[in-house]
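One-letter residues, chain by chain:
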Amino acid sequence: MALFEAKDLHLRFGDRVVLENVSLAFEAGQLSGIMGPNGAGKTTCFNVLTGRYKPDRGQVLWQGEDITGRSPQAIARLGIARSFQLMNLFDEFSVFENIAIALPQTRARSRNMVREAYADAALVDEAHAILKRVGLAERAGDEAKSLPYGARRALEIGVALACRPKLLFLDEPTAGLGSDGRARLAELILKLKGSVTIVIIEHDMEFLFSLADRISVIHWGQVIAKGTPAALKANPWVEASNLGRLN
Amino acid sequence: MAPPRTAPTITWAMIVVWLVFASVPLWIEKVGLYQYLGVEILIFAMYALAYNLVLGHAGLPSFGHGAFVGVGAYAVGLAQFNVAANLWICLAVAVGAAAVAGALVALFISHRRGIYYALMTIAFGQIFWFVAIKAHSLTGGEDGLLKIARLPATFGMTTFDLTSNVALYYFVLVVFAAVSFLLWRIVHSPFGRVVKAIKQNETRARFVGYDVWRFKAAILVLSACLSGLAGALFSMAQTSAFPDVMSLHYSGYVVMMTLVGGGLVSFWGPVIGAAAFFLARDIIGAVTTGWMLWFGMSFVVLVLFKPEGIAGIYQSLAQRRAKTAAPVVAPTSQVR
Amino acid sequence: MSFMNLLPHLLNGLTLGLLFSLIALGFMLILGLMEQINLAHGSLFALGAYFAYALCAARLPLPPDWLAVWAGVPLIWRFAAAVVLAPVLVAPFGLILERLMRRTYGRDPLYGLLLTFGVAMVIEELIRVVWGTPDYMLPVPREISGGFIMLDLIWSAYRFWAAGMAVAAMAVVWVIVERTRFGAMVKAGAHDSEIVQALGIDLTKLRVWVFVLGTMMAAFAGVIMAPLWGIRPHMGVDAVVPAFLIIVLGGVGSFWGAAIGGLLVGMVVGLSAAYASEWSMLSMYLLLLLVVTFRARGLFGKKSVLEV
């Protein structure tokens with residue numbers, strides 16, 4: 001059984017069909033990719049999988065359990081975290097606090113109105129460990145909005161990691177990054193691979209082909225192909241839809 | 001690794017504020033003012049601090065907070081007449097009533113934010129105000145609920161009489177100290193930090209697993225409780241309760257106090273704002289009847305040019321002084 | 001209660017509703033284009049009423065002999081002058097306010113809200129300083145006041161006049177918004193300011209004109225409403241609260257939403273006055289809660305700036 005499964009998702013906005021018959025399955029420990037041109041419905045698909053939108057039809061299964069239509073916070077609490085294509089940080093918080101607020105320990109204490117929020121050594125250590133992983137250890141005290149673009153991208157992933165996810169959705173993590181940034185990001189994702197199940201949306205084919213175990217291609221709201229990177233490269237469909245020239 | 005900045009349980013600013021307020025009855029008459037003014041400032045400072053929990057800390061612009069003050073004010077009087085003439089019971093009833101009112105409002109508006117939040121709170125404020133005016137048999141309507149006694153405060157064996165303004169002032173100061181300490185803790189607690197996170201980014205807060213609605217409802221109820229407590233003390237001070245604290249004007253005054261003082265950037269800003277408001281009323285008001293005109297204009301100017309308020313002006317002055325005082329060691333070519 | 005007994009209340013509600021619609025429309029034009037709530041809208045309304053009073057009662061800062069001449073003009077002409085001139089006299093206040101609001105464009109909408117709240121306070125105090133706190137009545141010319149008997153009931157003629165003038169003003173606004181190039185620009189600007197600029201429309205100028213139009217509508221409503229409500233410093237609040245309520249109720253950005261929302265509020269207030277006159281104003285809040293509980297965006301609303 002796959003760790004996370006989507007079956008026959010349908011979604012319409014008004015008279016526009018955004019997702020049609022989308023079925024996806026992500027195996028534990030693997031790195032899966034979702035690929036497709038802009039406006040193909042990738043981000044919408046993520047939004048359905050993580051509870052932002054409710055599908056009109058279809059099912060979302062987490063470890064076999066039906067979680068369709070649950071709220072984002074309920075899904076997040078199951079251990080499913082996500083990052084955002086357009087950055088979504090706590091801008092006035094320090095880099096440290098961006099991570100600390102997302103930690104499950106903080107969440108467990110969030111009803112507490114009296115004690116100091118981050119006085120716990122274990123919590124502080126975990127936050128710093130995450131900052132180290134995403135390469136922001138030096139910047140723990142800086143305000144999030146003062147960070148340069150690449151560092152904000154890293155923090156975006158750091159906040160998702162802080163949720164201690166079993167499954168991590170990354171929405172276009174390379175958006176806006178130069179080749180340097182991409183290389184560093186690929187390195188980070190390779191380090192994470194194996195310890196957490198990862199799903200990445202990307203339209204940079206090269207980036208995805210070098211990292212993913214399996215890839216699904218979405219176009220016009222439908223899954224038009226899926227398979228290993230090697231298999232997909234040989235797929236005439238993928239060739240025909242011009243995906244290779246999309247970046 | 002450097003530990004994160006944590007807030008000390010008691011800060012110097014806190015002690016200074018308490019001590020300054022504690023000294024007020026000793027000199028306030030010598031500078032030509034009067035004891036009752038101190039009571040008013042202290043009560044509204046507490047109210048503004050409680051209000052800032054919503055505006056400054058949660059980023060929720062409530063324009064109907066007077067409702068909770070009014071509910072507390074009426075409840076303390078009604079409890080005195082109908083339940084028991086015991087100060088603690090009456091105050092507890094006032095806080096409880098304000099909590100119920102806060103919960104009722106929260107039920108309808110906690111999924112909103114921004115301008116919608118402001119408009120819905122105005123509507124609720126008007127509802128409460130309107131009921132207070134029209135429910136004659138309960139509130140006395142526009143004549144007010146009169147003859148509310150300043151009940152004595154009993155601590156075990158000892159009893160303090162609060163009928164003099166100075167005695168009442170020190171009682172209010174004790175409550176103020178307790179409330180400001182509590183608020184300081186709340187703001188730095190896990191709960192308070194999550195609320196602050198929600199202010200900055202509701203979507204992200206949701207996606208890291210927080211039930212945003214509950215936090216927004218909770219912070220409003222909390223703020224309502226403490227506003228109700230301030231209202232209860234206010235009707236003790238006035239020995240009566242009137243609907244005007246619930247009007248849109250009064251609800252707006254607390255917004256003005258909070259902002260003018262610098263509630264958006266400083267914990268103590270609302271206290272400064274409340275003091276500035278009442279001092280302006282009495283000092284400018286002694287010269288001209290249109291003091292609100294001047295206070296209103298300075299509010300407008302602050303909103304336009306320095307929404308961080310008095311505390312913000314002080315902070316940027318302090319920063320500038322720190323910059324000029326620190327000698328430039330090396331040319332800072334490195335731009336971060 | 002029989003229909004005949006309800007009829008006067010229905011008419012009252014209708015008049016009130018039409019005037020509410022008019023106030024709300026000006027409020028919404030500004031909200032739509034500036035993406036700012038103008039809490040001082042009610043103060044502009046109140047200023048209109050006070051200027052009308054100054055004109056009608058011949059209490060103007062003029063030399064005594066000029067004033068005597070003006071006071072000698074028949075009231076009907078003075079009233080007509082007030083209807084036309086008061087909005088013009090209030091317009092500069094709108095211009096100043098727009099100028100101030102420019103600093104808040106593109107910032108957190110909270111600042112616009114705070115700014116206009118402060119301005120509302122200032123204008124209200126200004127009124128207190130200039131005219132004092134007593135209530136005034138706007139003298140209504142004999143030609144359009146008084147009552148007449150119809151269906152065995154006494155009707156106030158002025159209410160019909162007021163309703164008629166509100167309808168006429170709304171018709172003018174409808175034509176401006178729906179049938180002119182100016183209106184097309186306003187609507188485009190409300191949706192996407194980038195498109196407007198790409199089309200070579202001067203958004204700054206457009207905002208000024210819309211603000212002036214909204215201001216004059218508020219002042220006009222103030223003049224018409226003054227004989228019914230009386231003139232007092234806080235009449236601005238009494239007007240702005242129903243106005244935003246109607247906008248939330250009717251839905252942001254819809255002409256018919258504001259018009260129908262206004263009528264609905266007026267009718268509900270009028271009808272509830274028949275049963276519990278003391279509590280009639282409460283009914284509009286209950287209506288609001290009822291509507292937004294089931295339709296978060298109001299009756300005709302689309303996604304809007306209010307949801308940011």
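Residues numbered from 1 in each chain as written. Chains lettered and ligands numbered in written order. Predicted model: local features only at pLDDT ≥ 70, side-chain atom pairs only at ≥ 80, totals over all residues. Heavy atoms only, no water.

With that settled, the discussion passes to the overall build of chain B. From N to C terminus, chain B includes 14 helices and two strands. Its C-alpha atoms give chain B a radius of gyration of 21 Å, within 12% of the compact-globule value 20 Å for 336 residues. By its C-alpha atoms, chain B is 75 × 55 × 45 Å across when sized along the principal axes. On chain B, roughly 13,500 Å² of surface is accessible, and the fraction owed to carbon and sulfur atoms is 67%. For chain B, the distance from the average site of its 21 positive side-chain charges to the average site of its 10 negative ones is 17 Å. (Helix = DSSP H or I, 4+ residues; strand = E, 2+ residues; numbered from the N terminus. Rg over C-alpha atoms; globule rule 2.2 N^0.38 Å. Areas by Shrake-Rupley, 256 points an atom, 1.4 Å probe, with all protein chains shown as cover. Lys, Arg positive; Asp, Glu negative; His and termini not counted. Charge placed at Lys NZ, Arg CZ, Asp CG, Glu CD.)

Quick look at the interface of chain B and chain A now. Each side of the interface is counted separately: chain B has 31 residues, and chain A has 40 residues. Overall, the association of chain B and chain A removes approximately 3,200 Å² of surface from exposure, summing both partners, and the carbon and sulfur fraction of that is 60%. Our enumeration of links across chain B and chain A arrives at three salt bridges. Across the salt bridge formed by Glu116 of chain A and Arg185 of chain B, the nearest N and O atoms sit 3.1 Å from each other. Taken together, the connections running from chain B to chain A amount to 19 residue pairs in polar contact (both at pLDDT 80 or more). By residue number, the principal contributor to the side of chain B that touches chain A is helix α8 (residues 190–200) of chain B, which donates eight residues. When grouped by side-chain class, the residues that make up the side of chain B that touches chain A number 15 nonpolar, seven polar and nine charged. (Contact = heavy atoms within 4.5 Å. Buried area = accessible area lost by both parts, 1.4 Å probe. Salt bridge = Lys/Arg side-chain N within 4 Å of Asp/Glu carboxyl O. Polar contact = N/O pair within 3.5 Å; in protein donor to acceptor, adjacent residues only side chain to side chain. Nonpolar A, V, L, I, M, F, W, Y, C, P; charged D, E, K, R; others polar.)

Bringing the nonpolar core into the picture now. In this structure, Phe21 and Phe176 of chain B are the most contacted members of the largest nonpolar core, which totals 285 residues. Ranked by residue count, the leading element in this core is helix α2 (residues 35–57) of chain B, at 16 residues. When residues of this core are sorted by domain, at least three fall in each of domain 1 (1–79 + 165–247) and domain 2 (89–163) of chain A. When sequence neighbours within four positions are dropped, the list of residues in contact with Phe21 of chain B reads Ile41, Leu42, Tyr169, Leu173, Phe176 and Val271 of chain B. Grouped together as the second largest cluster of nonpolar side chains are 25 residues, Ala6, Leu11, Leu24 and Ile34 of chain A included. (Core = buried A, V, L, I, M, F, W, Y, C linked by side-chain atoms within 4.5 Å. Buried < 20%, exposed > 50% of the residue type's maximum accessible area, 1.4 Å probe, protein only. Domains from an automatic or database assignment.)

Here we come to the interface of chain C and chain B. If you look at the interface, chain C gives 40 residues, while chain B gives 40 residues. Between chain C and chain B, a total of about 3,800 Å² is buried, with carbon and sulfur atoms accounting for 81% of that surface. Linking chain C to chain B there are one salt bridge. For Glu278 of chain C, the salt bridge goes to Lys134 of chain B, with nearest N and O atoms at 3.7 Å. Applying the counting criterion to the chain C and chain B interface returns three residue pairs in polar contact (both at pLDDT 80 or more). Taken together, the residues of the side of chain C that touches chain B break down into 29 nonpolar, four polar and seven charged.

Below, the discussion takes up the packing of aromatic side chains. Residue and element names in this part refer to chain B. Counting across every chain of the model gives 38 aromatic pairs over all chains. Ring geometry for Tyr210 versus Phe215: centroids 5.8 Å apart, planes at 90°, classification edge-to-face. We note that Tyr210, like Phe215, is buried. Counting every residue linked through ring pairs, the aromatic cluster contains Phe44, Tyr47, Phe234, Tyr250, Tyr253, Phe277, Phe278, Trp291 and Phe295. Taking NZ or CZ as reference, Arg112 lies 4.2 Å from the ring centre of Tyr116, over its face. (Phe/Tyr/Trp six-rings, centres within 6.5 Å; stacked < 30°, edge-to-face > 60°. Lys NZ or Arg CZ within 6 Å of the ring centre and 35° of its normal.)

Moving on, we come to the sheet that holds strand β1 (residues 4–13) of chain A. Residues and elements named next belong to chain A. Taken in spatial order, the four strands of this open sheet run β2-β1-β4-β5, and their pairing is antiparallel. The sheet is open, and its two borders are formed by β2 (16–26) and β5 (65–66), each paired with just one other strand. In this sheet, β5 lies alongside strand β4 (residues 57–62) in antiparallel orientation, the contact comprising two bridges. Note that in β5 the partner of Leu61 across the bridge is Asp66. Across the sheet, helix α1 (residues 42–49) lies against β1, β2 and β4, angled at about 65° from β2, the strand it touches most. (Pairing = 2+ DSSP bridges. Axes fitted to C-alpha atoms, helices over the stretch in contact; angles between N-to-C directions.)

The next thing to look at is the packing of helix α1 (residues 3–34) of chain C against helix α6 (residues 157–179) of chain C. Residue and element names in this part refer to chain C. Look at α1 against α6: their axes get within 9 Å of each other, and the N-to-C directions meet at 30°. Relative to α6, the element α1 is oriented roughly parallel. As α1 packs across α6, the resulting crossing turns out to be left-handed. Along its contact with α1, which presents Leu11, Asn12, Thr15, Leu18, Leu19, Ser21, Leu22, Leu25 and Leu29, the element α6 presents Arg159, Phe160, Ala162, Ala163, Ala166, Val167, Ala169, Met170 and Val177. Residues that form the contact of α1 with α6 fall into these classes: 14 nonpolar, three polar and one charged. (Parallel < 35°, antiparallel > 145°, perpendicular 65-115°, else oblique. Left-handed = near helix turned anticlockwise from the far one by under 90°.)

This paragraph deals with a nonpolar patch on the surface. Residues and elements named next belong to chain C. Where nonpolar side chains cluster on the molecular surface, the patch consists of Phe3, Met4, Phe148, Met150, Leu151 and Phe160 and spans about 550 Å² of accessible area. Elements represented by at least two residues in the nonpolar patch include exactly α1 and β1 (147–150). Here Leu151 shows up in the loop between β1 and β2 (153–156). (Patch = residues over 30% accessible without salt bridge, like charges linked within 9 Å, V, L, I, M, F, W, Y side chains within 5 Å.)

Looking at chain C, the pLDDT average stands at 84 and 94% of residues meet or exceed 70. Taking the mean pLDDT of every element in chain C, the minimum, 67, falls on helix α8 (residues 193–198) of chain C and the maximum, 93, on helix α2 (residues 41–56) of chain C. (pLDDT = per-residue confidence, 0-100.)

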